[in-house]
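Architecture and fold: a report
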Amino acid sequence: MQKTITLTVNGVEREAHVDVRDKLLKTLRDELGLTGTKEGCGEGECGSCTVLLDGRPVNSCLVLTVEATGAAITTIEGLEQDGQLHPLQQAFVDEGAIQCGFCTPGMVLSAKALLDRNPDPTEEDVRLGLSGNLCRCTGYTQIVRAVLNVAGECTATAAQPCCEQA
Ligand code: FES
Ligand code: FES
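The following paragraphs examine the structure supplied in this document. Per-chain numbering applies: the sequence of each chain, read as written, is numbered from 1 onward. To read the labels, note that chains go from A and ligands from 1, taken in the order they are written. Local features in a predicted model are, by the rule used here, given only for residues with pLDDT of at least 70; side-chain atom pairs are given and counted only at 80 or more, and totals for whole chains, interfaces and linings are based on all residues.

**Some details on helix α3 (residues 104-117)**
- Only runs of H or I of at least four residues qualify as helices and only runs of E of at least two qualify as strands under DSSP, and these elements are numbered from the N terminus. The span expected for a helix works out to 1.5 Å for each residue beyond the first. Between its terminal C-alpha atoms α3 stretches 20 Å, which fits the 20 Å expected from 14 residues at 1.5 Å a residue.
- Burial analysis of α3 places 12 of its 14 residues in the buried class, which makes it a mostly covered element.
- Three exposure classes are used, based on other C-beta atoms lying within 10 Å of a residue's own C-beta, which is placed from the backbone: buried for 20 or more, exposed for 12 or fewer, and partly exposed in between. Among the residues making up α3, those that are buried are Thr104, Pro105, Gly106, Met107, Val108, Leu109, Ser110, Ala111, Lys112, Ala113, Leu114 and Leu115.
- Here, residues touch in the contact sense if the C-beta positions derived from the backbone fall within 7 Å of one another. The inward-facing, buried residues of α3 abut β3 (50-53), β4 (56-59), β5 (72-74), α2 (87-94), α4 (123-129) and α5 (141-153).

**Quick word on the packing of α2 against α5**
- Contact geometry for α2 and α5: axes closest at 8 Å, N-to-C directions at 135°. Here α2 lies oblique to α5, going by the angle between them. Considering how the two elements wind past one another, α2 and α5 form a crossing that is right-handed. Only Ala146, Asn149 and Val150 of α5 make contact with α2, whose side of the interface consists of Pro87, Leu88, Ala91 and Phe92.
- Taken together, the residues of the contact of α2 with α5 break down into six nonpolar, one polar and no charged. In this analysis an axis means a line fitted to C-alpha atoms, helices contributing only their contacting stretch, and an angle means the value between N-to-C directions, from 0 to 180 degrees. Each angle receives one of four descriptions, namely roughly parallel if under 35 degrees, roughly antiparallel if over 145, roughly perpendicular if within 65 to 115, and oblique otherwise. We call a crossing left-handed when the near helix sits turned anticlockwise from the far one by less than a right angle, and right-handed when that turn is clockwise. In this classification, the charged set is Asp, Glu, Lys and Arg, the nonpolar set is Ala, Val, Leu, Ile, Met, Phe, Trp, Tyr, Cys and Pro, and all remaining amino acids, among them Gly, are polar.

**A word on the sheet that holds β5**
- Ordered in space as β2-β1-β5-β3-β4, the five strands form an open sheet in which the pairing is mixed. With partners counted over all chains shown, the strands left at the sheet margins are β2 (12-19) and β4, one partner each. On average, each strand axis in the sheet is inclined to that of its neighbour by 45°, with strand direction left out of account.
- Taken strand by strand, helix α1 (residues 24-31) contacts β2 and β3, and its axis lies near 110° from that of β2. Strands are labelled as partners when DSSP assigns at least two bridges between them.

Listed below in structure tokens is the structure:
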């Protein structure tokens, strides 16, 4: 059954024409053109499709689009502001934490959710927080270092999320 729904994506209300069985990943990429969200396994195993729903990381390949109505959806496209990369994005670049880049959007969003709830994580906290996101290229060391570098500068609180960016 087809339906027209309204989604709030990166702070903007977007209309989408969806089948009620469509997954959020498909809607974001195919209907709304937000191809920063990547499809890896399609089964909830790799984390490449991670987006934030009300600040919480979810595998968008497992979420029905219609379930996301009413939630604030954040995709990787929503992190840069006024042409400036989010500090986490910049740290990934600076630390060489991006190789093929396929895992990067999901990694960055999971890292943002982690720092928003725990601005001062240990290395173990970071590894645990990113454990749902698989990377086949980097060996994770640079990724963890990038997140810890931002955490060192981060003054986030629950009221004011990571690095003052939504
Ligand atoms: S594509 Fe969604 S978890 Fe792998
Ligand atoms: S950089 Fe290639 S999968 Fe992570």
